[in-house]
Amino acid sequence: MDRMRLMQLQMRVPDDVEAALRAVESGCRRAAEAGADLLALPEMFCCPYEATRFPAYAQEAGGPVWRRCAELARTYGIYLSAGSVPERGADGAVYNTAYVFDRRGRQIARHRKAHLFDIAVAGGQVFRESDTLRAGDAVTVFGTEFGPVGLCVCYDLRFPELVRLMALRGARLILAPAAFNLTTGPAHWSLTFRAQAVFHQVFTAGTAPARDMTASYHSWGHTIAVDPWGNVLGELDEKEGYQLLELDLSETERVRAQLPLLRHRRTDLYTLEEKSGQGSGAQC
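Now for a description of the structure that goes with this document. Keep in mind that what you see is a predicted model, and the values were worked out from it rather than measured.

Cut-offs and rules
Along each chain, residue indices are assigned from 1 in the same order as the chain's sequence is written. For a predicted model such as this one, the threshold for reporting local features is a pLDDT of at least 70, and the threshold for listing and counting side-chain atom pairs is 80 or more; totals across whole chains, interfaces and linings nevertheless cover every residue. Neither water nor hydrogens contribute to the side-chain values; these are computed over all heavy atoms in the structure. What counts as a helix is a DSSP run of H or I of at least four residues, what counts as a strand is a run of E of at least two, and both are numbered from the N terminus. Each residue after the first adds 1.5 Å to the expected span of a helix. Each residue gets one of three labels from its accessible area relative to the maximum for its type: buried under 20%, exposed over 50%, partly exposed in between, using a 1.4 Å probe on protein chains only. Each direction from the helix axis to a C-beta atom contributes to the arc, which is the arc of those directions. Residues count as neighbours in contact if any of their non-hydrogen atoms are within 4.5 Å of one another. Aromatic rings from Phe, Tyr and Trp, with only the six-membered ring used for Trp, were paired whenever their centres fell within 6.5 Å, and each pair was classed as stacked if the ring planes differed by under 30 degrees, edge-to-face if by over 60, and tilted otherwise. The salt bridge criterion pairs a side-chain nitrogen of Lys or Arg with a carboxyl oxygen of Asp or Glu, the two atoms within 4 Å. Counting of polar contacts relies on pairs of N or O atoms within 3.5 Å, with two restrictions inside protein: one atom must be capable of donating a hydrogen and the other of accepting it, and residues adjacent in sequence are counted only when both atoms are side-chain atoms. Axis lines are fitted through C-alpha atoms, for helices just across the contact stretch, and the angle between N-to-C directions can take any value from 0 to 180 degrees. Should an angle fall under 35 degrees it is taken as roughly parallel, and over 145 as roughly antiparallel, whereas 65 to 115 is taken as roughly perpendicular and any remaining angle as oblique. Two helices cross in a left-handed way if the nearer one is turned anticlockwise from the farther one by less than a right angle. They cross in a right-handed way if the turn is clockwise. Basically, the charged four are Asp, Glu, Lys and Arg, the nonpolar ten are Ala, Val, Leu, Ile, Met, Phe, Trp, Tyr, Cys and Pro, and anything else, Gly included, counts as polar. Buried Ala, Val, Leu, Ile, Met, Phe, Trp, Tyr and Cys residues that are joined via side-chain atoms within 4.5 Å together make up what is termed a nonpolar core.

### Remarks on helix α3 (residues 64-76)
Item 1. The end-to-end C-alpha distance of α3 is 18 Å, a good match for the 18 Å that 13 residues give at a rise of 1.5 Å each.
Item 2. Looking only at α3, the buried set comprises Val65, Cys69, Ala70, Leu72, Ala73 and Tyr76. Buried positions in α3, seen along its axis, are confined to an arc of 160° and lie on one side of it.
Item 3. Those residues of α3 hidden inside the fold are in contact with α1 (17-33), β3 (79-81), β4 (85-88) and β5 (94-101).
Item 4. Looking one or two residues beyond α3, the residue adopting positive phi is Gly77, at roughly 65°.

Okay, structure coming up:
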């Protein structure tokens, strides 16, 4: 199958986890009623985006948030790209983790954010995820009836090596729950998603939290989807909302046939290889 109906939910992130999950359930219901195949949620959809609060909200895989997301995917018969959440690993460390569940509610992918958002922009945003989070170490691609799909989290998408490795594994679409801010968003949000789509000839979809000026972190919003030619297929503003798009994923092959960037790589001159021991990151 080539045509996927993608719904992206740009939701406000409350302090209360149950309130967030109620919003997700409403989104799942809307997605199912609209005939969507996949619903995508934002980065840290159930936890305020504050480094100091990640440990307090962290849950193990299989915990209450994980179980509710699995149940909602199964109940509504959709793929659920469950944004990202603070995950407490078996080692006790906390990760910024994205899960994907299939139509039966089975986890088919887990990606721990590999590039931690430690920045200090002059006159703008300062943030250090590494104060409380540990980085993941996997390239994540998972299978669907629509072909392989790549998964990363926010800052990961700025690193072309990671996206290229997903493309070389056959990814036709890259899902990126993300929360750019009012410094980085206006400058780089659309540019980043368009650039990675063009360079790697994939669809890219960035799903962001709605902006909440009462929170300590102000999301840019502007949930976006881009085709392999770099065309913006849909983009929201900063407010709560959703968009439903039909993606013809065979466009990846058509663009690559006309402009064969991947085939024209000079692998005799340079190479790119994954050094992680974690495989695809798609294991349950």
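### Notes on the packing of aromatic side chains
Item 1. Across all of its chains, the model carries 11 aromatic pairs by this definition.
Item 2. Between Trp66 and Phe101 the ring centres are 5.3 Å apart and the planes differ by 75°, which places this aromatic pair in the edge-to-face class. Of this pair, Trp66 sits in helix α3 while Phe101 sits in strand β5; the two residues are 35 residues apart in sequence, bridging distant segments of the chain.
Item 3. Looking at Phe101, the relative accessible area reads 1%, which means it is buried.

### Focus: helix α5 (residues 184-200)
Item 1. Here α5 spans 22 Å end to end across 17 residues, near enough to the 24 Å set by a 1.5 Å rise per residue.
Item 2. Within α5 the residues assigned to the buried category are Thr184, Gly185, Trp189, Thr192, Phe193, Gln196, Ala197 and His200.
Item 3. Lining the buried residues of α5 we find α4 (160-168), β11 (173-177), β12 (203-207), β13 (224-226), β14 (232-235) and α6 (251-258).
Item 4. Trailing α5 by a residue or two, Gln201 shows a phi angle of about 55°, which is positive.

### Points about the pattern of salt bridges
Item 1. Evaluated as defined, the whole model comprises 25 salt bridges.
Item 2. Its salt-bridge partner being Arg3, residue Asp248 comes within 3.6 Å of it at the nearest N-O pair. Here the residue Asp248 occupies a position in strand β15 (residues 241-248), and Arg3 occupies one in strand β1 (residues 3-10), the gap between them amounting to 245 residues.
Item 3. A salt bridge links Lys113 to Glu129; its shortest N-O distance comes to 3.1 Å. Within this pair, whereas Lys113 is found in the loop between β6 (107-112) and β7 (118-120), its partner Glu129 is found in the loop between β8 (126-128) and β9 (140-142), the two being separated by 16 residues in sequence.
Item 4. For Lys113, a relative accessible area of 0% translates into the label buried.
Item 5. Looking at Glu129, the relative accessible area reads 0%, which means it is buried.
Item 6. Each of the salt bridges in this network shares a partner with another, and the network as a whole consists of Arg3, Arg5, Glu246, Asp248, Glu251 and Arg254.

### Side note on the side chain of Arg172
Item 1. Residue position: Arg172 is located in the loop between α4 and β11.
Item 2. Among the polar contacts listed, one links the side chain of Arg172 to the backbone oxygen of Phe146, at a separation of 2.8 Å.
Item 3. Not counting residues within four places of it along the chain, the set of residues in contact with Arg172 comprises Met1, Asp2, Phe146, Gly147, Pro148, Val202, Phe203, Leu249, Ser250, Thr252 and Glu253.

### Digging into the packing of α4 against α5
Item 1. Interhelical geometry of α4 versus α5 gives an angle of 45° and a closest axis separation of 10 Å. With respect to α5, the axis of α4 lies oblique. Regarding α4 and α5, the two cross each other, and that crossing is right-handed. Side by side, α4 and α5 meet where Pro160, Val163, Arg164 and Ala167 of the first sit next to Gln196, Phe199 and His200 of the second.
Item 2. The residue inventory of the contact of α4 with α5, partitioned by class, reads four nonpolar, two polar and one charged.

### Re the nonpolar core
Item 1. Formed by 45 residues in total, the largest nonpolar core has its most connected members in Phe142, Met166, Leu173, Ile174, Leu175, Trp189 and Phe193.
Item 2. With five residues, α4 is the single largest residue contributor to this core.
Item 3. Every residue in contact with Phe193, bar those within four places of it in the chain, is listed here: Leu157, Ala176, Ala178, Thr204, Ala205, Gly206, Ile224 and Val226.
Item 4. With 25 residues, the next largest nonpolar core counts Leu21, Leu39, Cys69 and Leu72 among its residues.

That is the geometry; function is a separate question.
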